[in-house]
Amino acid sequence: MSVAVDAERELLVEARRIAEQVAAPVADQVDRESRFPVEAVDALRAVGAMSAAVPEALGGGGVSLETIARCCLELARGCSSTAMVFAMHQIQVLTIARHLDGTGWYEGYLRDLSREQRLIASVTSEVGTGGDMARSIAAATPREDGELEFEKQAPTVSYGAYADDLLTTLRRAPDAEPGDQVLALTRSDQVTLEPAGVWDTLGMRGTCSPGFVVRARFAPEQVLPTPFAEVMNQSMVPLSHILWSHVWLGIATEAFERARAFVRASARQKPGEPPPAARRLSSVMADLTLLRGEVSQALGDFVAADDDVGRERLMTMASVLRFNNLKLAASEQAPLVCGGALEAVGILGYKNDTPYSVGRHLRDALSARLMVANERLLATDAALLLIAKEA
Ligand SMILES: Cc1cc2nc3c(=O)[nH]c(=O)nc-3n(C[C@H](O)[C@H](O)[C@H](O)COP(=O)(O)OP(=O)(O)OC[C@H]3O[C@@H](n4cnc5c(N)ncnc54)[C@H](O)[C@@H]3O)c2cc1C
């Protein structure tokens, strides 16, 4: 067996252990108190998971996207917020690693990240652009001393107060068009975060994602050279939709398993007589199967398209539609499974203090539709459908 296969397997085993033994026992508390899941994130750092996707040559684990995705699913079974923090961080790491283009500053940064297990948060959303990642108002602005600076009104920065670094979308320069964007990586000692509200939400409460006015001063080499339009289509959007969907699948899987445990316990009480909830559970299983199928198919499609020639395929309209469809389908299907699990269990699922509680899972899964509003994706898809040759 090769070392690489060992590393992949080891990470997955650790993710499962952390999900079950570290994240799950405090998941209700994290949710209730809307607090950062610090013990699970520390445990992930302790096994080197923050740099799992960094190439081995830069000190990372070099593990595949498939394994990272599987870890998102496993972590989400224990705690949705932990899994979403892990997923969002990996999206930033993978995005940087895929667009290094031989840039010394970013290579050095990934070495530091691997050594120090640094955590990256994302600042793409901006007040005034809604969920449109392809437009920015804040700009990388030259200073007299040769450095750059920006000020960005960010409505939602998950774990912003706990992150070591931020990856931020900006206009390339103060006179650039809203769509002429770049990505800039800034370290916490280069940034000030002025709180703009609190994070008291229906679900995903442990992601601790309030708004901030983000201000930063940084060196020009901290701007990723590849234009953001390319980074967005080849990496950030498809990877976001793939890893988020694995988190939502993990949440739905856990809700289903709780409902299954309830139905089995009911069956044991009256042997020989199938419990009435078994029929409902069967229909939930069909919904979960659809979700699982789409999530796994989309991951396979991305991996198939992601070679030197194929990366161009990720720039096509068909590719944009494909990974938007994943997000739309998974974000509708995951709450459906959680809601079905709730119906199968009944009041013991609705209560927050039973082994069959699925209220938290349902609330967490409902965030999926808003994590870039589905209505906005539908509007984008509607325009593309009229001109795309294939979908
Ligand atoms: C749990 C969670 C964590 C998040 N973490 C982060 C993070 O770390 N970093 C980050 O940058 N972002 C993050 N986001 C995303 C961010 O909060 C939102 O995507 C962003 O703020 C846009 O908010 P919105 O949905 O109100 O925007 P809009 O897209 O403006 O939507 C508002 C409403 O208007 C409708 N609408 C607006 N414009 C259109 C249009 N053109 N076509 C059709 N309908 C439209 C939408 O349907 C929606 O109902 C997170 C979101 C969630 C749920």
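On a predicted model such as this, the values are computed, not experimentally measured, just so you know. Each chain has its residues counted from 1, running along the sequence as written. Side-chain atom pairs in this predicted model are given and counted only at pLDDT of 80 or more, local residue features only at pLDDT of at least 70, and totals for whole chains, interfaces and linings cover all residues.

1. Overview of the overall build of the protein chain
Argument step 1. Across its full length, the protein chain holds twelve helices and seven strands.
Argument step 2. Radius of gyration: C-alpha atoms only; globule rule: 2.2 Å multiplied by the number of residues to the exponent 0.38. Taking 391 residues into account, the globule formula puts the C-alpha radius of gyration at 21 Å, and the protein chain, at 21 Å, falls close to it.
Argument step 3. When its C-alpha atoms are laid out on the principal axes, the protein chain stretches across 80 × 50 × 50 Å.
Argument step 4. For the protein chain, buried positions account for 49% of its 391 residues.
Argument step 5. Look at the contacts in the protein chain between residues 6 or more apart in sequence, and 75% of them connect residues 24 or more apart. What counts as a helix is a DSSP run of H or I of at least four residues, what counts as a strand is a run of E of at least two, and both are numbered from the N terminus. Counting other C-beta atoms within 10 Å of a residue's own tells you its class, since 20 or more makes it buried, 12 or fewer makes it exposed, and anything in between is partly exposed; those C-beta atoms are placed from the backbone. The contact criterion used is a C-beta to C-beta distance within 7 Å, with each C-beta placed from the backbone.

2. Some details on the nonpolar core
Argument step 1. Nonpolar cores are built from buried Ala, Val, Leu, Ile, Met, Phe, Trp, Tyr and Cys residues. These are joined into a set through C-beta atoms within 7 Å. Of all hydrophobic cores here, the largest spans 123 residues; its most connected members are Cys72, Leu75, Ala252, Ala259, Ala334, Cys338 and Ala341.
Argument step 2. In terms of residues, this core owes the most to one element, helix α7 (residues 228–269), which gives 19 residues.
Argument step 3. Sequence-distant contacts of Cys72, that is, excluding residues within four places in its chain, are made with Ala83, Phe86, Ala87, Leu243, His246, Val247 and Gly250.

3. Some remarks on the sheet that holds strand β1 (residues 120–123)
Argument step 1. Ordered in space as β1-β4-β5, the three strands form an open sheet in which the pairing is mixed. Two strands in the sheet have a free side with no partner beyond their single neighbour: β1 and β5 (181–187). With direction set aside, neighbouring strand axes in the sheet form an average angle of 25°.
Argument step 2. For two strands to pair, DSSP has to find at least two bridges joining them. Where β1 lies against strand β4 (residues 165–171), four bridges are found, and the strand directions are parallel. Bridge pairing in β4 links Ser122 to Leu167.
Argument step 3. Those strands touched by helix α5 (residues 80–98) are β1, β4 and β5, and its axis lies near 85° from that of β1. Fitted lines through C-alpha atoms give the axes, limited to the stretch in contact for helices. The angle between two N-to-C directions lies from 0 to 180 degrees.

4. Brief notes about the site of the ligand
Argument step 1. Near the ligand you find 23 residues, and of these Gly130, Gly131, Thr156, Ser158 and Glu375 are the closest.
Argument step 2. Among the secondary structure elements, those contributing two or more residues to the shell around the ligand are β1 and α12 (374–387).
Argument step 3. Considering only residue class, the shell around the ligand consists of eleven nonpolar, ten polar and two charged.
Argument step 4. Boundaries between domains were set according to an automatic or database domain assignment. Residue assignment places the shell around the ligand across two domains, with domain 2 (121–222) and domain 3 (228–387) each supplying three or more. To decide whether a residue is near a molecule or strand, its C-beta atom is placed from the backbone and checked for lying within 6 Å of it. Under the scheme applied, nonpolar residues are Ala, Val, Leu, Ile, Met, Phe, Trp, Tyr, Cys and Pro; charged residues are Asp, Glu, Lys and Arg; polar residues are all the others, including Gly.

5. Details of the sheet that holds strand β3 (residues 148–154)
Argument step 1. Read across the sheet, four strands follow the order β2-β3-β7-β6 without closing on themselves; strand pairing throughout is antiparallel. Of all the strands in the sheet, the pair left with one neighbour each is β2 (141–142) and β6 (191–195).
Argument step 2. Of the pairings in the sheet, the one linking β6 to strand β7 (residues 212–218) comprises five bridges and is antiparallel in character. Residue pairing across strands places Leu193 opposite Val214, the latter belonging to β7.

6. Quick look at the pairing of β5
Argument step 1. Buried residues dominate β5, accounting for six of its seven residues.
Argument step 2. Two elements, β4 and β5, share seven bridges in a ladder whose sense is antiparallel. Across the sheet, Arg171 pairs through a bridge with Gln181, a residue of β5.

7. Considering the packing of α7 against helix α8 (residues 277–305)
Argument step 1. At a closest axis distance of 10 Å, the pairing of α7 and α8 adopts a crossing angle of 160°. Judged by the inter-axis angle, α7 sits roughly antiparallel to α8. Crossing of α7 against α8: the hand is left-handed.
Argument step 2. In the contact of α7 with α8, the residues fall into 19 nonpolar, four polar and two charged. Reported orientations rely on four angle classes, namely roughly parallel under 35 degrees, roughly antiparallel over 145, roughly perpendicular from 65 to 115, and oblique for the rest. Left-handed describes a crossing in which the near helix is turned anticlockwise from the far one by less than a right angle; the clockwise case is right-handed.

8. Some remarks on the environment of Thr380
Argument step 1. Within the element layout of this structure, Thr380 appears in helix α12.
Argument step 2. Thr380 gets classed as partly exposed once you count the C-beta atoms within 10 Å, which come to 16.
Argument step 3. Taking the C-alpha atoms as reference, Thr380 lies 9.4 Å from Val320; in sequence the two are 60 residues apart.

Any functional reading would require information that these geometric values do not contain.
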